[in-house]
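# Structural characterization, general
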Amino acid sequence: MFFVKILTTIKQSIMKKLNVLFILIIAFLLVSCNSDDDNSTTSNTSINLTSIKKDYYINDAFSHSSNYSFEENKLIKVEHSYGRSEELFYENDLVSNILKYDASNNLEWTNTYTYDNAKRLIQKNSISSSSNPSANQEKEITYTDNSNIQVLFTLSSTQTTNENITLNPENLIIENKLLNDEEQIMSEKHYEYINNNLTRFEIKDPNENTLLEATFEYLDMEASDFYNYNIFTYGPEWKNNYALDTQFGLGIETYQISKNYISSYYRYDYDINISRTVTFDYEFDSNDNIVEQIENMIESDGDTYKTVTTYNYE
């Protein structure tokens with residue numbers, strides 16, 4: 001009997017400990033579930049960009065507006081209040097044709113695009129229409145290795161120029177030399193980055209004199225694909241494809257390829273001796289989708305410019 005009592009006591013003790021352990025496990029699971037719910041974030045992946053509107057002001061007076069229309073996040077049409085417009089067409093999720101119209105809706109230009117198997121732009125043809133007696137243009141693009149791009153630009157089958165583009169290990173353009181048909185340097189563009197954000201841009205003449213320089217600052221917030229909508233236009237190689245689609249390089253607003261939202265930039269043009277200071281303000285919705293960007297620009301000659309950009313979704 002003595003041993004039976006001991007066994008009974010031990011059994012009861014074990015059962016009590018198991019019950020306590022079971023209760024603790026249930027409590028832990030409940031806390032974990034609640035904790036997961038509290039820390040979860042909701043991302044609306046079904047949202048689509050439908051339109052972007054840009055309103056431009058000069059010295060506080062309205063100048064003009066531009067409307068960008070999208071389907072499945074791809075830009076399909078651009079309409080300007082002064083009459084001009086563009087239509088974009090796609091093949092294999094990459095822009096294949098852009099038709100450009102004048103203010104009377106007459107076709108002026110037809111741009112066609114060809115890509116390699118890596119979805120990199122290898123050819124662009126710009127063909128003028130009968131209503132636009134301009135010289136046709138062609139770009140032949142060669143990727144010699146992972147750090148160099150060669151571009152042959154031909155105007156009306158006779159006049160040619162070359163671009164020699166150098167890339168960094170992140171596949172971003174760090175140098176663009178424009179050469180004439182005799183391989184003489186006409187201008188150089190240099191780019192510097194930190195964390196995939198362009199921080200400095202410079203243009204030099206053939207004698208290494210600086211013609212223009214700009215420095216850029218950014219928000220501590222990564223830009224969305226809706227903000228960088230060229231992702232949907234030019235594909236996974238959009239940054240370089242977009243640059244190669246322009247006349248010679250990225251142009252002045254080079255910050256458009258950066259990873260984060262821009263907060264400000266300063267630009268000085270030595271050729272005309274005018275500086276430009278630009279600041280940006282933003283509005284975002286509850287899911288951090290950009291709703292509005294206001295760009296305020298002040299030039300050293302006293303002129304002011306403002307661009308209000310609004311984004312619409314469905």
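Located above this text is the structure these notes cover.
Quick look at the structure, then. (Residues numbered from 1 in each chain as written. Predicted model: local features only at pLDDT ≥ 70, side-chain atom pairs only at ≥ 80, totals over all residues. Heavy atoms only, no water.)

## Examining the pairing of strand β5 (residues 94-101)
Where a strand is regular, its side chains alternate between the two sheet faces. Among the 8 residues in β5, 6 count as buried, and that is most of the element. Connecting strand β4 (residues 85-91) to the antiparallel partner β5 that follows it, the hairpin turn spans 2 residues, and Asn92 within it adopts a positive phi of roughly 55°. As defined by bridge partners, β5 adjoins strand β6 (residues 107-115) across 5 bridges and the pair is classed as antiparallel. Pairing of Asn97 across the sheet is with Thr112, part of β6. Taking the residues between adjacent antiparallel strands as the criterion, β5 and β6 are bridged by 5 residues, where Asn105 takes a positive phi near 65°. (Buried < 20%, exposed > 50% of the residue type's maximum accessible area, 1.4 Å probe, protein only. Helix = DSSP H or I, 4+ residues; strand = E, 2+ residues; numbered from the N terminus. Pairing = 2+ DSSP bridges.)

## Quick notes on the packing of aromatic side chains
With the rule as written, the count across this model stands at 17 aromatic pairs. When the ring of Phe216 is compared with that of Tyr255, the centres are 6.4 Å apart and the planes differ by 50°; the resulting orientation is tilted. With Phe216 in strand β14 (residues 210-222) and Tyr255 in the loop between α3 (238-245) and β15 (260-269), this residue pair connects regions lying 39 residues apart in the sequence. Across the pair, exposure class does not vary: Phe216 and Tyr255 are buried alike. (Phe/Tyr/Trp six-rings, centres within 6.5 Å; stacked < 30°, edge-to-face > 60°.)

## As for the pattern of salt bridges
Scanning the entire structure with this criterion turns up 11 salt bridges. Where Glu108 meets Arg84, a salt bridge forms, and the shortest distance between an N and an O atom there is 2.3 Å. Placement of the pair is Glu108 in strand β6 and Arg84 in the loop between β3 (74-80) and β4, with a sequence separation of 24 residues. Assessed through its relative accessible area of 37%, Arg84 is described here as partly exposed. Each of Arg200, Glu202 and Glu213 takes part in salt bridges that share partners, so that together they form one network. (Salt bridge = Lys/Arg side-chain N within 4 Å of Asp/Glu carboxyl O.)

## Topic: the environment of Asn146
Relative to the helices and strands, Asn146 resides in the loop between β8 (137-145) and β9 (148-155). The class for Asn146 is exposed, based on a relative accessible area of 70%. The spatial distance from the C-alpha of Asn146 to the C-alpha of Asn168 is 8.8 Å, given a sequence separation of 22 residues. Contacts of Asn146, omitting those with residues within four sequence positions, involve Leu167 and Asn171. (Contact = heavy atoms within 4.5 Å.)

## Looking at the nonpolar core
Counting 51 residues, the largest nonpolar core has Ile149, Phe216, Tyr227, Leu244, Tyr255, Ile262 and Tyr265 as its most contacted members. Among all residues touching Tyr227, those that are not within four sequence positions of it are Tyr255, Tyr261, Ile262, Tyr282, Ile290, Gln293 and Tyr311. (Core = buried A, V, L, I, M, F, W, Y, C linked by side-chain atoms within 4.5 Å.)

## A word on the side chain of Ser187
Within the element layout of this structure, Ser187 appears in strand β12 (residues 185-194). What makes Ser187 buried here is its relative accessible area of 17%. Those residues in contact with Ser187, other than ones at most four positions away along the chain, are Asn176, Lys177, Leu178 and Lys204.

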